[in-house]
Structure formats: structure tokens, C-alpha cells
Amino acid sequence: MLRLTRRYRFSASHRLHAAGLGEDENRALYGKCNNPWGHGHDYALEVSVAGSIDIGTGQLVDVAALDRLVRETVIEPLDHRDLNRDVPAFAGAVPTSENLVNEIERRLAAAWPANFREGRPALAGIRLRETRRNTFETAP
């Protein structure tokens, strides 16, 4: 079993504000991230795949196909967007990085079968770096 991780970048803004909480509660919970005008991040996204090397190509994954999938399903829909207003997945959810990494995983998992036959390689995990101090990971 081999693992490959590719890194991508995108920028997006958001405001952390839970509709079910009052203004004071939101400020106490989210602090400066509850700024009414929002704030932005330059995200670093790592997508990991795992499997065995294809004997014919000598590769674990067609990197161009992986790059295309990530670009079309994640980067283009999220880059330079206001997550609260421009991304339907966050119409009813707070666009925390926890929710964002789960949304990215959902998008990739849904598109994976059409892009990689027989699920090879497997989507092995996603890491989203929001700041130097905050990184969020999934392991499907």
C-alpha cells in the first residue's frame, strides 16, 4: 500500500455565526471570527490517496486526473467565495473549518467513482490548513 498527498490552495471568506444563537452568544463563542463583515483565509488543502502502483503506468494515481477532480469539485466552487453567501452547502450550516473539510470530503467522495475506476486509488484523507495553528483532517 502506497500513499500520495497533493497540496492545493484556495482563498475564501466567511463569518462564523450560528442562527440559533443570540448576538452575544455568537460573539462569545466565535470571537473575532463573528465579525459582521466576515474575514478570509488562504487555505492549504491536502488530498491523500492510497493504493497499489499500477503495473502498466508505474503510478499510484493519474495526477492530472486528481488535479482536475480537485479543481472542478473544490477549488473552482470555493476559491474567492464568501462561504456564507456563495456556497449552498452553508445556507443552513456555520462555515467553520470543521464543516468545510467535511463538505470538501463529501464533494470528492461523490465525484470519486466517476473519475477513478473501481475506487482505485482510494481517497485516503483530507487535511485543511486554515491558519498556522489550525489544521483539520478527515480519514475516510
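Everything in this summary refers to the structure shown in the same document. (Residues numbered from 1 in each chain as written. Predicted model: local features only at pLDDT ≥ 70, side-chain atom pairs only at ≥ 80, totals over all residues. Heavy atoms only, no water.)

This part covers the nonpolar core. With 30 residues, the main nonpolar core has Phe 10, Leu 45, Leu 66, Val 70, Leu 100, Ile 104 and Leu 108 as its most contacted residues. Counting residues per element, this core draws most heavily on helix H2 (residues 63-78), at seven residues. With residues up to four places along the chain from it excluded, the contact list for Leu 100 reads Phe 10, Tyr 43, Leu 78, Leu 83, Phe 90 and Leu 128. (Core = buried A, V, L, I, M, F, W, Y, C linked by side-chain atoms within 4.5 Å. Buried < 20%, exposed > 50% of the residue type's maximum accessible area, 1.4 Å probe, protein only. Helix = DSSP H or I, 4+ residues; strand = E, 2+ residues; numbered from the N terminus. Contact = heavy atoms within 4.5 Å.)

This part takes up helix H4 (residues 97-115). With 19 residues, H4 extends 26 Å between its outermost C-alpha atoms, agreeing within 8% with the 27 Å of an ideal straight helix rising 1.5 Å per residue. Among the residues of H4, Ser 97, Leu 100, Val 101, Glu 103, Ile 104, Glu 105, Arg 107, Leu 108, Ala 111 and Trp 112 are the ones counted as buried. (Expected span 1.5 Å × (residues − 1).)

Moving on to unusual backbone geometry. Of note, His 80 is a non-glycine position whose phi angle comes to about 55°, a positive value. Assignment of secondary structure puts His 80 in the loop between H2 and strand S3 (81-82).

Within the element layout of this structure, Ala 50 appears in strand S2 (residues 39-51). Residue classification places Ala 50 among the buried residues on the basis of a relative accessible area of 14%. In this structure the C-alpha to C-alpha distance between Ala 50 and Leu 60, which are 10 residues apart in sequence, comes to 7.5 Å. Sequence-distant contacts of Ala 50, defined by excluding residues within four places in its chain, comprise Met 1, Leu 2, Arg 3, Leu 60, Pro 121, Ala 122 and Ala 124.

Glancing now at the pattern of salt bridges. Pairs can form between side chains of opposite charge whenever their charged atoms are close. Inspection of the entire model under this criterion finds 11 salt bridges. For Arg 127, the salt bridge is made with Glu 46, and the minimal N-O distance between the two is 3.4 Å. Residue Arg 127 is found in strand S4 (residues 122-129), and its partner Glu 46 is found in strand S2; the two are separated by 81 residues along the sequence. Assessed through its relative accessible area of 34%, Arg 127 is described here as partly exposed. Judged by relative accessible area, Glu 46 falls into the buried class, the value being 14%. (Salt bridge = Lys/Arg side-chain N within 4 Å of Asp/Glu carboxyl O.)

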